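If you want the building blocks of each chain, they are given just below.
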Amino acid sequence: MSRNKLLLVLLGSSLLAGCAADYLNNYDTMTLASGDSQKANQLLQTVDPYNPASNNTKIEGDGARSVGVVQKYKLPPAPAPTTNMTVNVGPAGTQ
């Protein structure tokens, strides 16, 4: 009988421990989204929240322009033009 009682106690304690774990997941803290309930409710009530243009799957593109962009990234950039400008850095009025 003691073995049966021990199994009954272990089974009962494991069932109670399962309920306690769910209780421990509830916190009394504030989240970053606190106060956004009105905005969230408005979004839930919106009939179609997406941009109508998001359904367009035929995106038009210019092939020549695309090739030009790819080649621009493949080639190294041209060197900056040189100028004959002299810049003096120092206190004003000294010569």
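For clarity, every value in this text was computed on a predicted model and none was experimentally measured.

## What about the overall build of the protein chain?
- Broken down by element type, the protein chain carries three helices and zero strands.
- Secondary structure of the protein chain in N-to-C order comes out as α-α-α.
- Taking all 95 residues of the protein chain together, the buried fraction comes to 0%.
- Carbon and sulfur atoms make up 59% of the accessible area of the protein chain, which amounts to about 10300 Å² in all.

## A short note on the confidence of the model for the protein chain
- For the protein chain, per-residue confidence averages 79 on the pLDDT scale, and 85% of positions sit at 70 or higher.
- Mean pLDDT across the elements of the protein chain ranges from a minimum in helix α1 (residues 2-24), with 76, to a maximum in helix α3 (residues 63-74), with 89.

What counts, and where the lines are drawn
Residues numbered from 1 in each chain as written. Predicted model: local features only at pLDDT ≥ 70, side-chain atom pairs only at ≥ 80, totals over all residues. Heavy atoms only, no water. Helix = DSSP H or I, 4+ residues; strand = E, 2+ residues; numbered from the N terminus. Buried < 20%, exposed > 50% of the residue type's maximum accessible area, 1.4 Å probe, protein only. Areas by Shrake-Rupley, 256 points an atom, 1.4 Å probe, with all protein chains shown as cover. pLDDT = per-residue confidence, 0-100.

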